[in-house]
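Each chain, written out:
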Amino acid sequence: MIELRAKKQFPSFAIDAEIEIDAEDSGIVALFGKSGCGKTSIINMIAGLLRPDAGKVVIDDRVLFDSKAGIDIPPYRRDIGYVFQDARLFPHMTVKSNLLYGAGRESGTRFDLDLITELLDIGHLLTRRPGELSGGEKQRVSIGRTILSNPRILLMDEPLASLDGARKAEILPFIQRLRDELGLPIIYVSHSIEEVVRLADVMVLIDEGRVAASGDVGDITSRLDLYPLTGRYEAGSVIAATVKDLDADYGLTVLDTPGGDIRVPQLSLSPGSALRLRIRARDVALAIERPTGTSFQNILNGTVREIGERIHTRSDAAADAMVEVSVDIGAPLRVRITRKSLDELGLRIGSPVYALIKAVAIDKHTLGRGAGSEHAARYS
Amino acid sequence: MTDLLSPAEWEALALSLRVAVVSMLGCLPVALALAFLLARFRFPGKALLDGLIHLPLVVPPVVVGYLLLVMLGRKGIVGAWLFDVFGVSIAFTWKGAAVAAAVMALPLAVRAMRLAIENVDRGLEDAAKTLGAQPLKVFATVTMPLIAPGILVGALLAFARALGEFGATITFVSNIPGETQTIPLALYAQIQTPGGEAAAARLAAISIAVALIAMIASEYMARRIRRSIGGVE
């Protein structure tokens, strides 16, 4: 349980945040927001590297900071692991000395060097110096060093931000393994919605030093009022599903979702497996009557829940033609259609509609808690 | 080897080295503490302290020597107390020469170390703290190794400055052969003596040789430290 109430005034900016999360149950909690919104300052206050002007920080009933009671536990006694964006390896030590730097800490957790070097695939680097490592290797060693300091909770500040695409892809699976295999609560700071959707179950949306929203990643990413904050790029919905049945004749897997059955090309998962679907807003079409004679396999009925505002951007005339609609199919589903369609269909809040789903991306990592690669299915 | 230099020259050389080493060793901890204070803390009177430390660099050395004499002489403010309490008098002794050299070397050592401390990435210290390291461990295992090259440079500058010290020394502890007559002072005495030209030239050569050896040794050490810090050069 992580509880933070903190105020901090900077010369041109202020933080006034209240966060309460149950990190044990939620796996990875993402702190998401634009650059400069105060995410890093917030986790620095949790770690004790930044002192709030006023407030309280409590982790698992242990008060780390309380301005009223005059409590301020120094960072080296907080038992909090911190993976920094820039790795921050000690340049004058070997990789092994770096890894073991904090290994003496007694905190109730205990991780073993061999296990961690194996998990992060850094065993062959032990005798090297940080100056001889690539960016991705540095970040892996940094993650290993933090875990080997036996923290009770892990803070990660954009661990992928300073890496290029290939290096990011190299690290992501390791972070997923941390979550799945070590059972360490993780707070993951990011400004990339893709990373958040891929890794986190719960997210806290930060805007200008305040918590704009927090909750399930699927709920937050499908809320149209948060659209300017979560971003238009790759807008979509995240929907929980379980494998219901296999249709061997047609090579399809039937998934049970809150909106009804969804059929996808066959997955190597047994019935009952939990997984998470990502459906991009532009991969869904709407109809006001149930279409017949169509190749669409997945037609779900629902009602219009929310209609997004027009996006006026002078630089993007094409975007002005589009509007986002949130449809309640038992779970919120984001749909992107033209404004012309919206008017011609006469859609209002509460209108019954049918959602025609063109493509589904399946993210096995997110709910399955097992290693595996990502499948994307595109069909109609 | 012993024939290379005359007994008087050996005496001056040994005294010079002793004064330089003692003043360097005395100067280092003080300089390191001051460098930390100036690099890491904000406090009222910081500019004044900075100015005072730099004073020996800008006022004529004879002024520093005069102030030392006024303060640390047998009848000086601090000197009288030292004599009463400890029975120690440093004016007109080689210890006084070392004190004069240390005061003159202080600004150079502080500057070099302050620069090194300011260059340390504070993020590394933060990282060490989140790994459970207490401040003393952070200092010993992260900060110190990273500023080691700066400390070495500061030490070399202090040593070199002490070897070359003249004005403050001659004012504070006079020019006593065997007690306070370092190489520069001996050289000065020879120049003042008719027929001392050859001896003066020999002392100048000794002075240059010692300085060169010190520089080469420190360059070698600096390279080793850099290699141990950076992994690759």
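Details of the structure are given in the entry above.
About the cut-offs
Residues numbered from 1 in each chain as written. Chains lettered and ligands numbered in written order. Predicted model: local features only at pLDDT ≥ 70, side-chain atom pairs only at ≥ 80, totals over all residues. Heavy atoms only, no water. Core = buried A, V, L, I, M, F, W, Y, C linked by side-chain atoms within 4.5 Å. Buried < 20%, exposed > 50% of the residue type's maximum accessible area, 1.4 Å probe, protein only. Helix = DSSP H or I, 4+ residues; strand = E, 2+ residues; numbered from the N terminus. Contact = heavy atoms within 4.5 Å. Salt bridge = Lys/Arg side-chain N within 4 Å of Asp/Glu carboxyl O. Patch = residues over 30% accessible without salt bridge, like charges linked within 9 Å, V, L, I, M, F, W, Y side chains within 5 Å. Areas by Shrake-Rupley, 256 points an atom, 1.4 Å probe, with all protein chains shown as cover. Buried area = accessible area lost by both parts, 1.4 Å probe. Polar contact = N/O pair within 3.5 Å; in protein donor to acceptor, adjacent residues only side chain to side chain. Nonpolar A, V, L, I, M, F, W, Y, C, P; charged D, E, K, R; others polar. Phe/Tyr/Trp six-rings, centres within 6.5 Å; stacked < 30°, edge-to-face > 60°.

Q: Could you clarify how one ought to interpret the nonpolar core in this entry?
A: Side chains of a nonpolar character, in soluble globular proteins, are inclined to be buried together. Phe90(A), Tyr101(A), Cys27(B), Val110(B), Met113(B), Ile147(B) and Phe172(B) are the most contacted members of the largest nonpolar core, which totals 67 residues. When contributions to this core are tallied by element, the ones reaching two or more residues are α1 (7–40), α3 (61–72), α5 (94–119), α6 (122–130), α7 (135–164), α8 (167–173), α9 (183–192) and α10 (197–230) of chain B. Those residues in contact with Cys27(B), other than ones at most four positions away along the chain, are Ala102(B), Ala105(B), Leu106(B), Ala109(B) and Ala158(B). Counting residues in each nonpolar core, the second largest holds 46 residues, with Ile147(A), Leu184(A), Ile193(A) and Ala200(A) among its members.

Q: Got a minute to help me understand the pattern of salt bridges in this structure?
A: Pairs can form between side chains of opposite charge whenever their charged atoms are close. Residues and elements named next belong to chain A. The full count for this structure, using the stated rule, is 22 salt bridges over all chains. Of the charged contacts, one joins Glu158 and Lys39 as a salt bridge, the two residues approaching to 3.5 Å between their closest N and O atoms. In this pair, Glu158 is assigned in the loop between β8 (153–157) and α6 (165–182) and Lys39 in helix α2 (residues 39–47), connecting sequence segments 119 residues apart. Judged on exposure class, the residue Glu158 and its partner Lys39 are both buried. A salt bridge links Glu306 to Arg305; the shortest N-O distance between them is 3.9 Å. By relative accessible area, which is 34% here, Arg305 ends up partly exposed. Three or more residues are tied together by salt bridges with common partners; here these are Arg62, Asp79, Arg105 and Arg152.

Q: Explanation requested: a nonpolar patch on the surface in the structure shown.
A: Residue and element names in this part refer to chain B. The grouping of Val62, Val63, Tyr66, Leu67, Val70, Met71, Ile77, Val78, Trp81, Val85, Phe86 and Val88 at the surface amounts to a nonpolar patch, some 1,100 Å² of accessible area in total. Those elements that place two or more of their residues in the nonpolar patch are α3 and α4 (77–86). As for its position among the elements, Val78 is in helix α4.

Q: What's the story with α2(A) in this structure? I'm lost.
A: The α-helix advances 3.6 residues per turn, and as a result positions three or four apart in sequence lie on the same side. Of all nine residues making up α2(A), eight are buried, and the element is well covered by its neighbours. For α2(A), the full list of buried residues reads Lys39(A), Ser41(A), Ile42(A), Ile43(A), Asn44(A), Met45(A), Ile46(A) and Ala47(A).

Q: Help me out: how do you make sense of the interface of chain A and chain B in this one?
A: Interface size is commonly expressed as the accessible area that is lost once the parts come together. At the interface, 22 residues of chain A touch 23 residues of chain B. The largest per-residue losses of area from chain A upon contact with chain B belong to Tyr76(A), His92(A) and Tyr101(A), which jointly make up 36% of the total buried on that side. For the pair chain A and chain B, the interface holds zero salt bridges. Between chain A and chain B we count five residue pairs in polar contact (both at pLDDT 80 or more) in total. Taken together, the elements giving at least two residues each to the side of chain A that touches chain B come down to β7 (80–83) and α5 (135–148) of chain A. The residue inventory of the side of chain A that touches chain B, partitioned by class, reads 11 nonpolar, five polar and six charged.

Q: Please explain the packing of aromatic side chains as it appears in this structure.
A: Centre distance and the angle of the planes are the two values used to describe a pair of aromatic rings. All names here are of chain A. Applying the stated rule across the entire model yields six aromatic pairs over all chains. Ring plane angle 25° and centroid distance 5.9 Å describe the contact between Phe10 and Phe13, whose orientation is recorded as stacked. A relative accessible area of 21% places Phe10 in the partly exposed class. With a centroid separation of 4.0 Å and 10° between ring planes, the pair formed by Tyr82 and Phe84 is classed as stacked. Across the pair, exposure class does not vary: Tyr82 and Phe84 are buried alike.

Q: Where do I start with the environment of Glu158(A) in this structure?
A: Residue and element names in this part refer to chain A. Owing to a relative accessible area of 8%, Glu158 belongs among the buried residues under this scheme. Between the alpha carbons of Glu158 and Phe32 there is a distance of 9.9 Å; along the sequence they are 126 residues apart. Polar contacts involving the side chain of Glu158 include one to the side chain of His191, which spans 2.8 Å.

Coordinates in, geometry out; function isn't part of it.
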